[in-house]
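Chains, contacts and geometry: an overview
So the chains spell out like this:
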Amino acid sequence: MKRVLVLAAWLVAGWCQAQAPYPLAKPISIVVPFTPGGTTDRVARDLADAMRKPLGAAVVVDNAAGAGGSIGANKVAKAVPDGYTLLLHHIGMATMPALVRNMPFKVEADFEYLGLINEVPMTLVSKSSLQGQSYKDLSVWIAQHKGHINLGHAGVGSASHLCGLLFQNAIHTDMTTVPYKGTAPAMTDLIGGQIDLMCDQTTNTSAQIEAKKVKVFAVTTLKRLDTPLFKEVPTLQEAGLKGFEVTIWHGLYAPKGTPPAVLAKLNGALKAALKDPEFIKKQESLGAMVVTDKRAEPAEHKRFVAAEIVKWTPVIKAAGVYAD
Ligand code: ASP
């Protein structure tokens, strides 16, 4: 009898939740799997600002940093699927399955896809005391310091980790990789000269390059970036690393099983944010391109990530770069 009553109470609670208007007067949190002040965090904070109005609710950022993004992603994969816990993650969703062994969650099965947000190029930057300005100068410096070079990154499986591994592989040089919980603290150490090099998104590096706190040697896109800060900066492909290309993208996710009506509301608010002139301006000023195509739709976002997994898995395997 007691069991029947418990089951009935559980069913009623579930039914009430399904009927409750969404969102209720409680905050929606966007989990960022890296530290505050870094690239992913900046996208999330701008997006939270832009989604507040269309959702009519408080949207807050929750930094759950560590393990190259898998701690935060796992937190959302295991969260209650009620629309109050979301994940904002980058290309790591597509590269971690090949890069990291024993992942605690499944990228394709454990999430509802809400839409792609933006694309961001990466830059190869160094501490300001490194001699020279050109990529050639950097190559000479690397040759002279072989065995003593520290390359910072945001943890095993992160974008900076992937880019740094591919760069070492392309120039046939091993470096000591120094993991942080995000590229914000790594940037602090790069500025301080405690580490030598880093590959990171323009959203984290632009201001520091402009202030001459770090030096930029190359961008990771196939074509040069057409902005005053970057138009003189060569691509790694031009510098001789044929086909080198890493462009980061960010997407929004909910735990698997989130009710369809809640997903529709969240996707509507995301699409409103992607058209918000203030959001677009903030993102463009950091070198990010806000998504304007069908990838802002859940089904297309899911297809895109699946295609990225197919694209990156052989690249990572061929380069023989693994996280452990
Ligand atoms: N930019 C970082 C990465 O390399 C993550 C971050 O700190 O947002 O993945």
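Here goes a summary of the coordinates provided. Source: prediction; values computed, not measured. (Residues numbered from 1 in each chain as written. Predicted model: local features only at pLDDT ≥ 70, side-chain atom pairs only at ≥ 80, totals over all residues. Heavy atoms only, no water.)

1. Concerning the side chain of Thr202
Quick reminder of the rule: Only DSSP runs of H or I covering at least 4 residues are called helices, and only runs of E covering at least 2 are called strands; the numbering of each starts at the N terminus. In this scheme, a residue with accessible area under 20% of its type's maximum is buried, one over 50% is exposed, and one in between is partly exposed, where area comes from a 1.4 Å probe on protein chains only. In what follows, a contact means two residues having at least one pair of non-hydrogen atoms within 4.5 Å.
Mapping Thr202 onto the fold places it in helix α8 (residues 202–210). Overall, the relative accessible area of 0% leaves Thr202 in the buried class. Residues contacting Thr202, with those up to four places away along its chain left out, are Val120, Pro121, Thr123, Leu225, Phe230, Leu286, Gly287 and Ala288.

2. Brief notes about the pairing of strand β2 (residues 59–63)
Each regular strand displays side chains that alternate between the two surfaces of the sheet. Note the cut-off: For two strands to pair, DSSP has to find at least two bridges joining them. When the strands point away from the viewer and the path from the first strand over the helix to the second turns clockwise, the crossover is right-handed.
As defined by bridge partners, strand β1 (residues 28–32) adjoins β2 across five bridges and the pair is classed as parallel. Residue pairing in the sheet places Val31 in a bridge with Asp62 of β2. Taking the sense of rotation as the criterion, the β-α-β connection linking β1, helix α2 (residues 39–55) and β2 turns out right-handed.

3. Considerations on helix α11 (residues 298–319)
Applicable threshold: Expected helix span is computed as 1.5 Å times (number of residues minus one).
Across its 22 residues, α11 extends 31 Å between first and last C-alpha, which sits within 8% of the 32 Å expected from 1.5 Å per residue. If you check which residues of α11 are buried, you get His301, Phe304, Val305, Glu308, Ile309, Trp312, Thr313, Ile316 and Ala319.

4. Some details on unusual backbone geometry
Pro23 follows Tyr22 through a cis peptide bond whose omega is -5 degrees. Along the chain, Pro23 turns up in the loop between α1 (2–19) and β1. At Ala67, a residue that is not glycine, the phi angle is positive and equals roughly 55 degrees. Looking at Ala67, the relative accessible area reads 47%, which means it is partly exposed.

5. Let's talk about the environment of Pro179
Position of Pro179 among the secondary structure elements: in strand β6 (residues 176–179). When its relative accessible area of 54% is taken as the criterion, Pro179 is described as exposed. In this structure, the C-alpha to C-alpha distance between Pro179 and Val107, residues 72 residues apart in sequence, is 23 Å. Ignoring any residue separated from it by four or fewer positions in sequence, one finds Pro179 in contact with His153 and Gly155.

6. Considerations on the environment of Lys302
Summarising the element assignment, Lys302 is placed in helix α11. Residues Lys302 and Leu114, spaced 188 residues apart in sequence, show a C-alpha to C-alpha distance of 8.5 Å.

7. Comments concerning the packing of helix α4 (residues 92–99) against α11
When two helices pack together, their arrangement is given by the angle between the helix axes and by the axis-to-axis distance. Using the following cut-off: All axes here are fitted lines through C-alpha atoms, helices being fitted over the stretch that makes contact, and every angle between N-to-C directions spans 0 to 180 degrees. The scheme is simple: roughly parallel for angles under 35 degrees, roughly antiparallel for over 145, roughly perpendicular for 65 to 115, oblique for anything else. By the definition used in this description, the sense in which the near helix is turned from the far one sets the handedness, with an anticlockwise turn below a right angle giving left-handed and a clockwise turn giving right-handed. Under the scheme applied here, ten amino acids are nonpolar (Ala, Val, Leu, Ile, Met, Phe, Trp, Tyr, Cys and Pro), four are charged (Asp, Glu, Lys and Arg), and all others, including Gly, are polar.
Relative orientation of the contacting elements α4 and α11 amounts to 40 degrees, with a least axis distance of 8 Å. Our classification of the angle between α4 and α11 gives oblique. Note that α4 runs across α11; the crossing there is right-handed. In contact with Met93, Ala94, Thr95, Ala98 and Leu99 of α4, α11 contributes Val305, Glu308, Ile309, Trp312, Thr313 and Ile316. Looking at the contact of α4 with α11 residue by residue, the class counts come to eight nonpolar, two polar and one charged.

8. Some thoughts on the nonpolar core
Convention followed: In these notes, a set of buried Ala, Val, Leu, Ile, Met, Phe, Trp, Tyr and Cys residues joined through side-chain atoms within 4.5 Å is what counts as a nonpolar core.
One finds Leu47, Phe111, Phe167 and Leu252 to be the most contacted residues of the largest nonpolar core, which totals 89 residues. With eight residues, strand β4 (residues 111–127) is the single largest residue contributor to this core. Each residue touching Phe167, except ones within four places of it in the same chain, is listed here: Leu124, Tyr135, Ile142, Met175, Leu236, Leu241 and Phe244. Judged by nonpolar contacts, the second largest core, of 14 residues, contains Met187, Val216, Phe230 and Val233.

9. Considering the state of the cysteines
Each disulfide is one covalent bond, formed between the sulfur atoms of two cysteines. Convention followed: Criterion for a disulfide: a pair of cysteine sulfur atoms within 2.5 Å.
By the definition in use, this model includes one disulfide. The residue that forms a disulfide with Cys163 is Cys199, at a sulfur-sulfur distance of 1.9 Å. You can see Cys163 sitting in helix α6 (residues 159–170) and its partner Cys199 sitting in strand β7 (residues 197–201), a full 36 residues away along the chain. Take Cys163: its relative accessible area is 0%, and that puts it in the buried class. Taking relative accessible area as the criterion, Cys199 reaches 1% and is therefore assigned buried.

10. Some words on the pattern of salt bridges
Opposite charge on two side chains makes pairing possible when the charged atoms of those side chains draw close. Basically, it comes down to this: Here, a salt bridge means any Lys or Arg side-chain nitrogen found within 4 Å of an Asp or Glu carboxyl oxygen.
The final tally for this structure, using the stated rule, is 12 salt bridges. A salt bridge links Glu119 to Arg295; the nearest nitrogen and oxygen atoms lie 3.2 Å apart. Note that Glu119 is positioned in strand β4 and Arg295 in the loop between β10 (289–290) and α11, a separation of 176 residues in sequence. Residue Glu119 is classed as partly exposed on the basis of its relative accessible area, which comes to 22%. Among the salt bridges present, the one from Glu238 reaches Arg224, with a minimum N-O distance of 2.7 Å. Of this pair, Glu238 sits in the loop between β8 (214–219) and β9 (247–255) while Arg224 is found in the loop between β8 and β9, placing the two residues 14 residues apart along the sequence. Look at Arg224 and you get partly exposed, because its relative accessible area is 37%.

11. Some points on empty space enclosed by the protein
Note the threshold: Both cavities and pockets are sets of points on a 1 Å grid over the protein atoms alone; in a cavity a 1.4 Å probe fits but cannot get out, in a pocket the set is open with protein on both sides within 12 Å along at least five of seven lines, and lining residues sit with an atom within 4 Å of a point. Grid points are joined across faces, edges and corners, and a volume is the space filled by probe spheres set on the points.
By the definition in use, this model includes one cavity of 30 Å³ or more. Taken as a whole, the largest cavity spans an internal volume of roughly 90 Å³. Lining the largest cavity are 15 residues, and of these Phe34, Thr39, Thr40, Ala154 and Thr183 sit closest to its centre. Elements with a contribution of two residues or more to the lining of the largest cavity: α2, α6 and β7. Top element by residues in the lining of the largest cavity is α2. It accounts for three residues. Tallied by class, the residues present in the lining of the largest cavity amount to three nonpolar, 10 polar and two charged.

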